[in-house]
Amino acid sequence: MTRARRLRIFVLIDALGWTYVEDSRFLADLLPYRTPLRTFLGYSSGAVPSILTGVPPARHGHWNLFYRDPARSPFRWLRALRFLPDAALNHRVTRKLLKELGRRFLGLGPLFECAVSPRLLPELDWIEKRNIYAPGGIPGTQSIFDFLVDQWTPHRVYSYHRWTDAEILRQAGRDIESSDATFFFLYLSEMDALLHSHCQDRAAWQGRLEWYATGLRDLLSAARRVDPDATLTVFSDHGMAPVRHHYDLVTHVGSLGLRMPDDYLAVYDSTMARFWLFSDRARAQIVKHLHTVPCGRVLSDDELRELGVFFPDRRYGEVVFLLNPGWLLSNSDFNGIDWRPTGMHGYHPDDSYSDGVCLGTHKPTVDLRTIADAYRCMRGAVPAGAAVEGQHAP
Ligand SMILES: [Zn+2]
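What counts as what
Residues numbered from 1 in each chain as written. Predicted model: local features only at pLDDT ≥ 70, side-chain atom pairs only at ≥ 80, totals over all residues. Heavy atoms only, no water. Buried < 20%, exposed > 50% of the residue type's maximum accessible area, 1.4 Å probe, protein only. Helix = DSSP H or I, 4+ residues; strand = E, 2+ residues; numbered from the N terminus. Pairing = 2+ DSSP bridges. Donors = N, O, S within 2.8 Å, 3.2 Å for Na, K, Ca; no water. Tetrahedral: all angles 85-135°; square planar, octahedral: opposite > 155°, others 65-115°. Axes fitted to C-alpha atoms, helices over the stretch in contact; angles between N-to-C directions. Contact = heavy atoms within 4.5 Å. Parallel < 35°, antiparallel > 145°, perpendicular 65-115°, else oblique. Left-handed = near helix turned anticlockwise from the far one by under 90°. Nonpolar A, V, L, I, M, F, W, Y, C, P; charged D, E, K, R; others polar.

Caption draft 1: How the structure looks around the pairing of strand β16 (residues 356–360). Most of β16 is tucked away: five of the five residues are buried. Every second residue of β16 is oriented toward a common face, with Gly356, Cys358 and Gly360 on one face and Val357 and Leu359 on the other, all of them buried. With five bridges joining them, strand β2 (residues 33–37) and β16 adopt antiparallel strand pairing. Considered in β16, the bridge of threonine 35 is made with cysteine 358. Where strand β7 (residues 231–235) and β16 come together, three bridges link them in antiparallel fashion.

Given below as structure tokens:
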């Protein structure tokens, strides 16, 4: 007799903040166990690896996408083109070429964006070169996908690397019915873009939540036809805060009379600016200036340590400046003139809009406090000695 398949389904919905579900009825009947999860300071590039490995960014090594490594930068050769004027280097076509080059020929993966001035690229490297949703995707740390392979647990993983959210839900439904997999991991990424543009439009995000609710309800029904005790757990990596104000730190720092990359290097994300300082003059002027900014602050090493994002080699920046919730850096390379988001994440985890969620059909077997606890929750769902004779890990 065939042993019954025990189905465990985990769904990661990018940017599904606690503030968007705490008062709504989003799957309240199916998923009665609901709790906010504290995120880590930063963006999905650091948060998702924490969900997949159970440790903070300082331990798994992924934080922001760009980090400084001039000796190993895949763009070292661009130094030879430094004589070119900014107009040529920063041209839209140059950036597009560099993006394609990075993705196709330099092994930087499908997420690579030329989101800094090409003049600075020879100083930098890109963290997410591998597919983090595959075994070995986060070198040096065991992810849930490495663990599933180790345990010979038949499983399926779905992400934007291959599919849209609608395709993922459809494909997972089919695999639940017809494959031998017992562990399913679905990464649904499209809520993030919706909330960036519509987080202040309740009807828009509620409509999208209803769409997800229908898809997940169908998925769980399909699973329960196979295994009446099938479980479904939804979690997210961070929330989304409404953007109320903009601050042009880029222009202010640029007008201090210092030169990049000779005096300093700065990478401006949406809510965070990271600096490497190469002269005493640059250090004194930039730090002094940052202390005058009214809508943000420099994070101390102790605070970075406490937040799980302190890197002793300073690869992600010697000075980390964080904006207050609701503020956005204007003119940063990540927020070009074409993009005016009304929602943003990447603020301090203490802000309630930063919280992610865990929503489950069953009471969690582990104490859930941060997004890293999602890993322990998934790991606990992998049956010990799951290998069945004749079955092979995918
Ligand atoms: Zn986002």
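Caption draft 2: A look at the coordination of the zinc ion. The protein atoms donating to the zinc ion are Asp192 (OD), Asp192 (OD), His196 (NE2) and His345 (NE2), with metal-donor distances spanning 2.1 to 2.3 Å. Taken together, the four donor atoms coordinating the zinc ion and their angles of 56 to 148 degrees define a geometry best described as irregular. Read from N- to C-terminus, the donor residues coordinating the zinc ion fall into the pattern D-x3-H-x148-H. Of the two residues, aspartate 192 and histidine 196 are both situated in helix α8 (residues 190–198); the distance of four residues between them amounts to about one turn of the helix. With respect to class, aspartate 192 is no different from histidine 196; both count as buried.

Caption draft 3: Looking closely at the sheet that holds strand β11 (residues 272–277). With antiparallel pairing, four strands are arranged side by side in an open sheet as β10-β11-β13-β12. At either margin of the open sheet sits one strand with a lone partner, and together these are β10 (264–268) and β12 (296–298). This sheet shows a mean twist of 15 degrees between the axes of neighbouring strands, independent of strand direction. Examined bridge by bridge, β10 and β11 share five bridges and lie antiparallel to one another. Its bridge partner being in β11, tyrosine 264 is matched across the sheet by leucine 277. In the packing of helix α11 (residues 280–290) onto the sheet, contacts are made with β10, β11, β12 and β13 (319–323), and the angle to β11 comes to roughly 160 degrees.

Caption draft 4: Up close: the packing of α8 against helix α9 (residues 202–226). At their nearest, the axes of α8 and α9 sit 10 Å apart, and the two run at 165 degrees to each other. Here α9 runs roughly antiparallel to α8, going by the angle between their axes. Once α8 is placed against α9, the crossing between them reads as left-handed. In contact with Glu190, Met191, Leu194, Leu195 and His198 of α8, α9 contributes Ala204, Trp205, Arg208, Leu209 and Tyr212. Tallied by class, residues from the contact of α8 with α9 come to seven nonpolar, one polar and two charged.

Caption draft 5: Spatial organisation of α8. Taken residue by residue, α8 has Met191, Asp192, Leu194, Leu195 and His196 as its buried positions. Each element contacted by the buried residues of α8 is listed here: β1 (8–13), α1 (18–21), α7 (165–178), α9 and β15 (343–344).

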